[in-house]
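The primary structure of each chain is shown beneath.
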Amino acid sequence: MTPDTLKDALTKARRRLLPFLFLLYVVSYLDRVNVGFAALQMNAALGLSDVTYSLGAGIFFLSYTLFEIPSNVILARVGARRWIARIMITWGVVSAAMMLVRGAAGFYVLRFLLGAAEAGFFPGIIYCLTRWFPSDERARAIAGFMTAVVVAGIIGGPLSGFLLSLDGVGGLAGWQWLFALEGLPAVVLGVVVLAVLPEQPSDASLLTGLTPAERHALTARLDEDVAMRPRIVRSLGGAFTSGRVWLLAAVYFTIPVALYAMGFWLPQIIKAASGSGDAKVGVLTAVPYAVAAIGMVAVGRHSDRTGERRWHIAVAALVGGAAFAASAFVHGLIPSMVTLSLAMLGLASMLGPFWTLATSLMSGIGAAAGIALVNSIGNIGGFVGPNIIGYVRETTHSFAAGLIVVGAILASGGLLVLAVNPLNPSGKPLV
């Protein structure tokens, strides 16, 4: 194995595999949070209160959490290609079916089914990345992949605003067009995944185009990476009994609290601050996500360059938490956009270093189960965050107190991550 061969293999993986996985996650995140834009019309049309909307939006995460660990264990056994294709096709169908909702009960049922259908997608992709990128390359790769979250916000805002403007076309409401047209790409891409997604570097694939020498070099480097860390979680039982994994899950819980409070309520927060129409609100929501995309990549690269993870997560969490709280005290569009952009910047910058830290402690079936466990516990935060905002808004007629609580929760995750005891390259705990 020569350094140049390994470098070429990693370059191909970054340039060819990551953009494809990135596209899948853009569609996933957009289907997950487009209900936030639909709510601009749907809530009034169906008579949904803030609390009803928050509960329905959050129910997604309860079913996602319930089915996530079994889904990721199945993925590890049957292969990522077939299982991710199954996930995408079923979630696309359910997402498009949201256009048929006629009341609160239907809203709850379809959001529950959407979570069940999508369960395992994100941890499955993270598991795939552990099979392609060694730990010293992983923060950059994960950050590049997870910029899909912020790019989905950049694209999704204007796109959703446009689809809402189709209100009345063909006898359908704008929110119905939104669900119908944003659900279909998942079905199409699910079929593409079945045809082209490689499981690991040793698989010949037109998508990555690795030569036999490059496949061998990258596989050997990944095996060496695992061998250097003998105390990592490797088994299914180990994933459930490791205190370090549970602590990581507690840290991650704080991230979806803020991420989905932002995702589900940002359009309405900006609408309240600006008084703008739906199309302009869609454009304005892209701004915090665009700011976050820049910081997310920069922080991920710096984390890989220095090899440090915990303080990158902690500082980003404290910046994001403070900005969430500050947004409760400002008034007017420009101050609100500044604080919300800083909040999203800090929040998004946590993701690359966090998942690199988490995956560096796991391997094999232990990684599949451990990643799913961390993500499933974390996604309970996806239920909590939107409901904090919804409950506070309905009782106080303001977003302020809810934003302060969300900011405090995010900042607490930054402090908690400093208690995680990582490993050095020899596999021994760092004190």
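Residues numbered from 1 in each chain as written. Predicted model: local features only at pLDDT ≥ 70, side-chain atom pairs only at ≥ 80, totals over all residues. Heavy atoms only, no water.

## Looking at the overall build of the chain
Point 1. The helix and strand inventory of the chain stands at 18 helices and 0 strands.
Point 2. The C-alpha atoms of the chain give a radius of gyration of 21 Å, which matches the 22 Å a tight globule of 431 residues would have.
Point 3. The C-alpha extent of the chain, read off along each of the three principal axes, is 60 × 45 × 35 Å.
Point 4. The 431 residues of the chain split such that 60% are buried.
Point 5. Put simply, of all contacts in the chain between residues at least 6 apart along the chain, 82% involve residues at least 24 apart.
Point 6. Total accessible area computed for the chain in this model is approximately 15300 Å², and 69% of it derives from carbon and sulfur atoms. (Helix = DSSP H or I, 4+ residues; strand = E, 2+ residues; numbered from the N terminus. Rg over C-alpha atoms; globule rule 2.2 N^0.38 Å. Buried < 20%, exposed > 50% of the residue type's maximum accessible area, 1.4 Å probe, protein only. Contact = heavy atoms within 4.5 Å. Areas by Shrake-Rupley, 256 points an atom, 1.4 Å probe, with all protein chains shown as cover.)

## Topic: the environment of Ser135
Point 1. Structurally, Ser135 can be placed in helix H7 (residues 135-164).
Point 2. The class for Ser135 is buried, based on a relative accessible area of 16%.
Point 3. Linking Ser135 and Ala408, residues 273 residues apart in sequence, is a C-alpha distance of 31 Å.

## Some words on the side chain of Ser160
Point 1. Tracing the chain through its elements places Ser160 in helix H7.
Point 2. Here the side chain of Ser160 touches Glu182 through a polar contact of 3.1 Å, side chain to side chain.
Point 3. Not counting residues up to four positions away in its chain, the partners in contact with Ser160 are Phe37, Leu178 and Glu182. (Polar contact = N/O pair within 3.5 Å; in protein donor to acceptor, adjacent residues only side chain to side chain.)

## Looking at the nonpolar core
Point 1. Counting 142 residues, the largest nonpolar core has Ile84, Phe145 and Trp355 as its most contacted members.
Point 2. Element by element, the count of residues in this core is highest for helix H11 (residues 243-274), at 17 residues.
Point 3. Non-local contacts of Phe145, meaning those with residues more than four positions away in its chain, are made with Leu18, Leu21, Phe22, Tyr25, Phe122, Ile125, Ile126 and Leu129. (Core = buried A, V, L, I, M, F, W, Y, C linked by side-chain atoms within 4.5 Å.)

## Concerning the pattern of salt bridges
Point 1. Evaluated as defined, the whole model comprises 5 salt bridges.
Point 2. Arg14 serves as the salt-bridge partner of Glu137, at 2.9 Å between the closest nitrogen and oxygen. Placement of the pair is Glu137 in helix H7 and Arg14 in helix H1 (residues 3-33), with a sequence separation of 123 residues.
Point 3. The partner of Asp50 in a salt bridge is Arg393, with the nearest N and O atoms 3.8 Å apart. Taken together, the residues span a long stretch of sequence, with Asp50 in helix H3 (residues 50-78) and Arg393 in helix H17 (residues 364-396) at a distance of 343 residues.
Point 4. The exposure class assigned to Arg393 is partly exposed, which follows from its relative accessible area of 22%. (Salt bridge = Lys/Arg side-chain N within 4 Å of Asp/Glu carboxyl O.)

## Quick word on H3
An α-helical turn contains 3.6 residues, so a residue and the one three or four places further along point in the same direction.
Point 1. With 29 residues, H3 ought to run about 42 Å at 1.5 Å a step, and its terminal C-alpha atoms sit 41 Å apart, in line with that.
Point 2. For H3, the principal kink sits at Glu68 and spans about 45°; a proline, Pro70, occurs within the next four residues.
Point 3. Positioned one or two residues after H3, Gly79 has a phi angle of 105°, which is positive. (Expected span 1.5 Å × (residues − 1). Bend = angle between axes of the 7 residues up to and from the residue.)

## A look at the environment of Pro288
Point 1. The topology assignment puts Pro288 in helix H13 (residues 286-306).
Point 2. Judged by its relative accessible area of 0%, Pro288 falls in the buried class.
Point 3. Residues Pro288 and Ser205, 83 residues apart in the sequence, show an inter-C-alpha distance of 37 Å.
Point 4. Excluding its chain neighbours within four sequence positions, the residues that come into contact with Pro288 are Leu266, Met337, Leu340, Ser341 and Met344.

## Notes on the packing of aromatic side chains
Point 1. Evaluation of the coordinates by the stated rule reveals 17 aromatic pairs.
Point 2. On the numbers, 5.2 Å between centres and 20° between planes, the contact of Tyr252 with Phe354 is stacked. Of this pair, Tyr252 sits in helix H11 while Phe354 is found in helix H16 (residues 351-359), placing the two residues 102 residues apart along the sequence. Residue Tyr252 shares its accessibility class with Phe354, and that shared class is buried.
Point 3. An aromatic cluster of three or more residues is present, and its members are Tyr25, Trp91, Phe121, Phe122, Phe145, Tyr252, Phe354 and Trp355.
Point 4. The ring of Trp83 carries the charged tip of Arg86 above its face, separated from the ring centre by 4.4 Å. (Phe/Tyr/Trp six-rings, centres within 6.5 Å; stacked < 30°, edge-to-face > 60°. Lys NZ or Arg CZ within 6 Å of the ring centre and 35° of its normal.)

## What about the confidence of the model for the chain?
Point 1. Here the chain averages 85 in pLDDT, and 94% of its residues register 70 or above.
Point 2. Averaged pLDDT values over the elements of the chain bottom out at 72 in helix H10 (residues 236-241) and peak at 94 in helix H14 (residues 310-327). (pLDDT = per-residue confidence, 0-100.)

## Re H1
Point 1. For H1, which comprises 31 residues, the first-to-last C-alpha distance of 42 Å matches the rise-based estimate of 45 Å (1.5 Å per residue) to within 8%.
Point 2. Its axis deflected by about 30° at Leu18, H1 carries its strongest bend there, up to four residues before the proline Pro19.
Point 3. Of all 31 residues that make up H1, 22 are buried, and the element is covered over most of its length.

## Thoughts on the side chain of Asn387
Point 1. Locating Asn387 in the fold gives a position in helix H17.
Point 2. Classification of Asn387 as buried rests on a relative accessible area of 18%.
Point 3. Among residues more than four places away in sequence, those in contact with Asn387 are Val51, Ser54, Leu55 and Gly58.

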